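Spelled out from the first residue to the last, the chains are:
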Amino acid sequence: MGGNIVSKSYKTAKRSDLEVTNVEDYSDLRNEKSSFDQTQNATGIISPDTSIPLEENRADDTMSDSEENAPWHGLPMGINEHGSFTVINIDNNSYPNHIPVKPTQEKDNKCCVGLRERCKMGWRPCLTKYNPLSEYPSRRASVKYACMCPPHGVLARVVLIMVILLLLWAILWSITGAESLPGGNLFALYILVVVAAIGGMIVEFFHLPALLGMLIVGFMLKNVSRIQIADDIDPGWASALRNIALAVILIKAGLGIDAGALRKLSLVCARLALVPCIMEAVTVAVAAHLLLGFGWDWAFMLGFVIAAVSPAVVVPSVLELQEKGYGISKGIPTLIVASASCENVFAIAAFGIPLGIAFSGGYIDIDNEGQDNSTNIPMDSSNDDTGMLVFNIFRAPIELLLGVVFGCVGGVFLWYFPDKDQKSLMWKRTLLVCGGGLLLLFGGAKADFTGAGALGCLILAFVAAQGWGRGKEPVKKVVGLIWKLFEPILFGLIGAAVSVEYLDDTVGLGIAIMAIGLAVRTAVTMLVVCKAGLNLKEKVFAALSWFPKATVQAAIGPLAWEVAINKNAGYVAEQNGIKILTLAVLSIILTAPIGAIMIALGGPRLLQKSQEGNTDKLPIPEVTVVSPEGVEEEEEERIQEEVPKEAKGQGESSSML
């Protein structure tokens, strides 16, 4: 056996450091292991053994060839605490025959451990684990803690949002190329939506509606020099995205309408949708005729443009109050949401009547130098224009009827398709109701029935929700998440549709005209809801919620000007169209933010709060469904329980006797 073997015995203290140079000493070591094993078995202490075992059934005391070629051959070995043969105290100088596998591994490990410990000590002041926040920290301590690692809290969320936004832009750029770079349509839309969402968050921090910040951001990106990226947005894309967002909010409103409250307030809803709109339109028309010198056709065009309330502003604001439980007991949110949609249909349809009258026949055009140019502008006054005029007069009831019919048919279809046994029922219902709403809205616009499409979208969701029952709640939550995405798109684009270049010297007179019209609308609204069972505060809130104007004004405000240009109607008609567009823009700037603020701040102060708005916190009633067999079983159990009681009572009475 080559080399020396040093054995250290853990069994006897007399025999330590014994030189093993022959086979007999190896035999002694094996005997020593056997006696150690007997002691271990007697005491019952058995622990894992990972050392090199000695062979028990060896025919002789010589070492085998495998042991001679083993990697531990020639190393100091002895009996360890398990009683096994193991390597101890390696010294390369004493045992030159042994070649270690990695001679510098232990040294490298010590270096790594030292470096790791020094890094830990250096990073300790920056780690939250070693620097917990006190119970009552100062602002400086809170800011310092927020910046510590690992990222957490607000800082972690901000970094995550920034990474997601950068990733989305990178994906968009990799697909579309130059369209996603500065100057491209998609880049302008992306920046507008992101900055509008940030503006909404900032405004919400001051307890104001988010749409106010989104409107302001859109307006700034359109009118502030050097950041006018809204000019790069394609008008077709802007119009389509506005309509998609409008469809989403109308579907959300339709799913949230209370059928019982609507049935009870149906007459009030009709009065609220028609009477204030008509009275404000007439008032604005008279004021425009007297102050701006408009003809009656152009005056009523302006009246119906200004009179329409904006569901894009009113509906989200009122639904937010409904979710908090305000006004639910008397159905005020349902009343306002339904009336706003119906009023839009009526205003858009009524706007077409004076528009058709204004461009239906020949008229004299006077240019800016006072010269008659009527001979240079041939105007068609055929019977087709008369038929179109008659159609425009009956347009409003036709659009109302079409919207109701298509919405009801689509809603009833969704009662049965998809059926309740299908998988992923919630997602299929969401897809169908959103797809149907978009089809009605865009299809109605394609058929030149814009009002019918909006009303049909609302009624589709409402009718479908009545057939789904409690199954509408998951769909409503999904649509709510979709609305969170489209909210900055809608209000950012509405703000970007407002251009100050159209604001001229008619601004002062326009403000006076709108003030007169809003005063009349407020008084008429309070009179209309008199017999709806509302108290004075609730009547005031209903009047305030009828202030905001945005969607209809942005949609049909430029229409008269565009028609005048397309028909070559001349200088006067074009100037009247520009004035209508100017006042439409002015109404958005003044009434949309003010109306949103009044709804958000006035709702909690003027409406009664009810727990019905927050269904998550309501206790779930216990409902027991008992079959006829169950009734008999319960009756038998009750009789069996009463019999021992009677027997017990008789026993007690007998003992008393």
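Residues numbered from 1 in each chain as written. Predicted model: local features only at pLDDT ≥ 70, side-chain atom pairs only at ≥ 80, totals over all residues. Heavy atoms only, no water.

Peer 1: I'd like to hear about the overall build of the protein, residue by residue, with values.
Peer 2: Counting its secondary structure elements, the protein contains 24 helices and 4 strands. Considering the protein as a whole, with its 657 residues, one finds that 42% of them fall into the buried category. Considering only contacts in the protein between residues 6 or more positions apart, those separated by 24 or more positions represent 73%. With the model as given, the accessible surface of the protein reaches about 36,500 Å², and the carbon-plus-sulfur share is 62%. (Helix = DSSP H or I, 4+ residues; strand = E, 2+ residues; numbered from the N terminus. Buried < 20%, exposed > 50% of the residue type's maximum accessible area, 1.4 Å probe, protein only. Contact = heavy atoms within 4.5 Å. Areas by Shrake-Rupley, 256 points an atom, 1.4 Å probe, with all protein chains shown as cover.)

Peer 1: How would you summarise the environment of glycine 495 if you had to cite specific residues and measurements?
Peer 2: Within the secondary structure, glycine 495 sits in helix α18 (residues 472–496). Glycine 495 sits in the buried class, given a relative accessible area of 3%. Considering only alpha carbons, one finds glycine 495 and leucine 212, 283 residues apart in sequence, at a separation of 9.5 Å. Residue contacts for glycine 495: discarding those within four places in its chain leaves Leu215, Gly218 and Phe219.

Peer 1: Kindly report on unusual backbone geometry, identifying the contributing residues and their values.
Peer 2: In this model, cysteine 149 is joined to proline 150 through a cis peptide bond whose omega is -5°. On the secondary structure map, proline 150 appears in the loop between α4 (139–146) and α5 (153–176). Note that the residue after phenylalanine 417, namely proline 418, is joined by a cis bond; omega there is 0°. Counting through the fold element by element, proline 418 comes out in the loop between α15 (395–416) and α16 (425–446).

Peer 1: Got a sec to walk through the pattern of salt bridges? Specific residues and values, please.
Peer 2: Taken as a whole and judged by the stated rule, the model has 7 salt bridges. With its nearest N and O atoms 3.0 Å apart, the salt bridge here joins lysine 222 to aspartate 231. Where lysine 330 meets glutamate 538, a salt bridge forms, and the shortest distance between an N and an O atom there is 3.1 Å. A residue pair is termed long-range when its members are at least 10 positions apart, and lysine 330 in the loop between α12 (311–323) and α13 (332–358) and glutamate 538 in helix α20 (residues 536–544) qualify at 208 residues. A single network of salt bridges, built from pairs that share partners, joins Glu280, Glu343, Arg521 and Lys549. (Salt bridge = Lys/Arg side-chain N within 4 Å of Asp/Glu carboxyl O.)

Peer 1: A description of the packing of aromatic side chains should follow, citing residues and the corresponding values.
Peer 2: For the structure shown, the criterion picks out 6 aromatic pairs. Between tryptophan 169 and tryptophan 173, the ring centres sit 6.4 Å apart and the planes meet at 15°, which makes this aromatic pair stacked. In this pair, tryptophan 169 and tryptophan 173 are both assigned in helix α5, 4 residues apart and thus about one turn of the helix distant. Here the aromatic rings of tryptophan 483 and phenylalanine 491 are separated by 6.2 Å at their centres, their planes lie at 80°, and the arrangement is edge-to-face. The lysine or arginine in question, arginine 124, covers the ring of tyrosine 130, its NZ or CZ lying 4.1 Å from the ring centre. (Phe/Tyr/Trp six-rings, centres within 6.5 Å; stacked < 30°, edge-to-face > 60°. Lys NZ or Arg CZ within 6 Å of the ring centre and 35° of its normal.)

Peer 1: So what's going on with the packing of α5 against helix α6 (residues 185–205)? Residues and values would help.
Peer 2: Interhelical geometry of α5 versus α6 gives an angle of 165° and a closest axis separation of 11 Å. What the angle tells us is that α5 and α6 run roughly antiparallel. In terms of crossing hand, the pair formed by α5 and α6 is right-handed. Contact residues: Leu165, Leu166, Leu168, Trp169, Leu172 and Thr176 in α5; Leu186, Phe187, Tyr190 and Val194 in α6. A per-class count over the contact of α5 with α6 returns 9 nonpolar, 1 polar and no charged. (Axes fitted to C-alpha atoms, helices over the stretch in contact; angles between N-to-C directions. Parallel < 35°, antiparallel > 145°, perpendicular 65-115°, else oblique. Left-handed = near helix turned anticlockwise from the far one by under 90°. Nonpolar A, V, L, I, M, F, W, Y, C, P; charged D, E, K, R; others polar.)

Peer 1: Just give me the short version of a nonpolar patch on the surface, but keep the residues and values in it.
Peer 2: A grouping of Leu274, Val275, Ile278, Met279, Val282, Val286, Leu290, Leu291, Trp296 and Leu509 is seen on the molecular surface, where their side chains present a nonpolar patch of about 810 Å² in accessible area. Within the secondary structure, leucine 509 is located in helix α19 (residues 507–528). (Patch = residues over 30% accessible without salt bridge, like charges linked within 9 Å, V, L, I, M, F, W, Y side chains within 5 Å.)

Peer 1: Before we move on, can you summarise a positive patch on the surface with the specific residues and values?
Peer 2: Together, Arg116, Lys120, Arg124 and Lys129 make up a positively charged patch on the protein surface. In this structure, lysine 120 sits in helix α3 (residues 105–123). (Lys, Arg positive; Asp, Glu negative; His and termini not counted. Charge placed at Lys NZ, Arg CZ, Asp CG, Glu CD.)

Peer 1: So what's going on with α12? Residues and values would help.
Peer 2: With 13 residues, α12 should reach 18 Å at 1.5 Å per residue; the first-to-last C-alpha distance of 17 Å fits that figure. Where burial is concerned, most of α12 is hidden: 11 out of the 13 residues are buried. By the burial criterion, the buried members of α12 are Pro311, Ala312, Val313, Val314, Val315, Pro316, Ser317, Val318, Leu319, Leu321 and Gln322. The positive-phi residue at the C-terminal boundary of α12 is glycine 325, with phi of around 95°. (Expected span 1.5 Å × (residues − 1).)

Peer 1: Describe the side chain of lysine 549, and please don't skip the residues or the numbers.
Peer 2: Among the secondary structure elements, lysine 549 is positioned in the loop between α20 and α21 (551–556). Judged by its relative accessible area of 1%, lysine 549 is buried. Discounting chain neighbours no more than four positions away, the residues touching lysine 549 are Glu280, Ile306, Ala307, Ala308, Ser310, Leu518, Arg521, Ser587, Ile588, Thr591 and Ala592.

Peer 1: So what's going on with helix α22 (residues 559–566)? Residues and values would help.
Peer 2: Within α22, burial applies to Ala560, Val563 and Ala564. The buried side chains of α22 occupy one side of the element, clustering within an arc of 100° when seen end-on. Within two residues after α22, asparagine 568 carries a phi angle of roughly 55°, on the positive side. (Arc of directions from axis to C-beta.)

Peer 1: Residues and numbers for the confidence of the model for the protein, please.
Peer 2: Per-chain confidence: the protein averages 75 in pLDDT, with 70% of residues scoring 70 or above. A low-confidence stretch, residues 1–23 (pLDDT under 50), is modelled with 50 contacts involving residues beyond four sequence positions or located in other chains. Considering only residues more than four positions removed or in separate chains, one finds that residues 362–382, a stretch of pLDDT under 50, has 35 contacts. (pLDDT = per-residue confidence, 0-100.)

Peer 1: Any chance you could break down the packing of helix α10 (residues 266–291) against α19 for me, citing the residues and the numbers?
Peer 2: At their nearest, the axes of α10 and α19 sit 8 Å apart, and the two run at 155° to each other. Classed by the angle they form, the pair α10 and α19 counts as roughly antiparallel. Pair α10 / α19 crosses with right-handed handedness. Here the contact of α10 with α19 is composed, by residue class, of 17 nonpolar, 3 polar and 3 charged.

Peer 1: Residue-level account of the environment of arginine 124, with values.
Peer 2: With respect to the secondary-structure elements, arginine 124 resides in the loop between α3 and α4. For arginine 124, a relative accessible area of 33% translates into the label partly exposed. Separated by 25 residues in sequence, arginine 124 and cysteine 149 have C-alpha atoms that sit 9.8 Å apart. Residues within four places of arginine 124 in sequence aside, it is in contact with Tyr130 and Asn131.

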